[in-house]
Amino acid sequence: MENEKKAGVSQLTSDRRGFVKSVGMGAAAIAGAVMVGGKLGVLDKIPGINKTSLVQQAVKAGALTDVDILNFALNLEYLEAEFYTVAVTGKTLAQQGFNLSGTGKSGPTTGGKKVNFLSSLTNTDKTGHLTAIMGEIAYDEQQHVHLLRGALGADAVAKPTINLDALGTGFEGFQHAVALARAFEDTGVSAYGGAAPLISSKAYLGVAAQIALTEAYHAGNLR
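Note that the structure is predicted; figures quoted are calculated from it, not measured.

## Describing helix H3 (residues 66-89)
Between its terminal C-alpha atoms H3 stretches 33 Å, which fits the 34 Å expected from 24 residues at 1.5 Å a residue. Along H3, 22 of the 24 residues are buried, which leaves the element largely enclosed by surrounding structure. Just past H3, the residue Gly 90 takes up positive phi, approximately 80°.

What follows is the structure, given as structure tokens:
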């Protein structure tokens, strides 16, 4: 039983790291997150990442600043918010009028499409319950972007280039969207949980805790 538990934890870690390989973030997105991602080991399993000179695995997590950590979180929230927003509305954050400016190089979000959330296992959603759930999560993720940008102020990074089609899934139908959403939320919970001990500022830690709790609620709701 103990071996099975260990195997399960190992597989879960592998799955989360594997998910990072296919998050669909363009070169600008990787450049924006790689400093923190490399130091935290999030990008370690990406094939060929060391050849890009973007990751220095020898750097210790202690070298991170609170701003580094929150900006890495912001890049993840940009990606999540774009996925849900496009899946629910068919429009990107920029098309919805969001302010996505900041430090570093910004870029557009491409790919993806509005998902037919009426296509559930029973091929119907007469009450609109499934659509409402995904709409609520989309709103929450948009608010996470607002929250982190507000906390970071002038230090917030701009939304990088994101290619949603590079995700390879998530827009074919309800089941695919939920499967990808679960991967997002699990990754988010793990990321915030792992970063929390590294955050010095109580104010920043409070922001991270608010988001982590919501991500956990999403994960349970999706299950």
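There's more to say after this.
## Observations regarding the packing of aromatic side chains
Applying the stated criterion across every chain, the model contains three aromatic pairs. Ring centres 5.5 Å apart and planes at 70° place the aromatic pair Phe 83 and Phe 171 in the edge-to-face group. Within this pair, whereas Phe 83 is found in helix H3, its partner Phe 171 is found in the loop between strand E2 (162-163) and helix H5 (174-195), the two being separated by 88 residues in sequence. Of the two residues, Phe 83 and Phe 171, both sit in the buried class. Consider the rings of Phe 83 and Phe 184, whose centres lie 5.3 Å apart with planes at 40°: the pair is tilted. Residue Phe 83 is found in helix H3, and its partner Phe 184 is found in helix H5; the two are separated by 101 residues along the sequence.

## As for H5
Side chains of residues three or four places apart in an α-helix project in the same direction, reflecting 3.6 residues per turn. Its 22 residues give H5 an end-to-end C-alpha distance of 31 Å, which sits within 8% of 32 Å, the value for a rise of 1.5 Å per residue. Buried within H5 are the following residues: Phe 174, Ala 177, Val 178, Leu 180, Ala 181, Phe 184, Glu 185, Asp 186, Thr 187, Gly 188, Tyr 192 and Ala 195.

## Description of the packing of H5 against helix H6 (residues 202-222)
In helix packing, the relevant descriptors are the interaxial angle and the interaxial distance, both defined with respect to the helix axes. With their axes 9 Å apart at the nearest point, H5 and H6 run at an angle of 150° to one another. Considering the relative orientation of H5 and H6, their crossing is left-handed. Note on element contacts: H6 touches H5 through Ala 208, Ile 211, Ala 212, Glu 215, Ala 216, His 218, Ala 219 and Leu 222, opposite Val 178, Ala 181, Arg 182, Glu 185, Asp 186, Val 189 and Tyr 192.

## A short note on the nonpolar core
One finds Leu 74, Phe 83, Tyr 84, Phe 117, Leu 148, Leu 164 and Phe 171 to be the most contacted residues of the largest nonpolar core, which totals 46 residues. Elements that contribute at least two residues to this core include exactly H3, helix H4 (129-152), H5 and H6. A total of twelve residues in this core trace back to one element, the largest contributor, which is H3.

So, how was this worked out
Residues numbered from 1 in each chain as written. Predicted model: local features only at pLDDT ≥ 70, side-chain atom pairs only at ≥ 80, totals over all residues. Heavy atoms only, no water. Helix = DSSP H or I, 4+ residues; strand = E, 2+ residues; numbered from the N terminus. Expected span 1.5 Å × (residues − 1). Buried < 20%, exposed > 50% of the residue type's maximum accessible area, 1.4 Å probe, protein only. Phe/Tyr/Trp six-rings, centres within 6.5 Å; stacked < 30°, edge-to-face > 60°. Axes fitted to C-alpha atoms, helices over the stretch in contact; angles between N-to-C directions. Left-handed = near helix turned anticlockwise from the far one by under 90°. Contact = heavy atoms within 4.5 Å. Core = buried A, V, L, I, M, F, W, Y, C linked by side-chain atoms within 4.5 Å.

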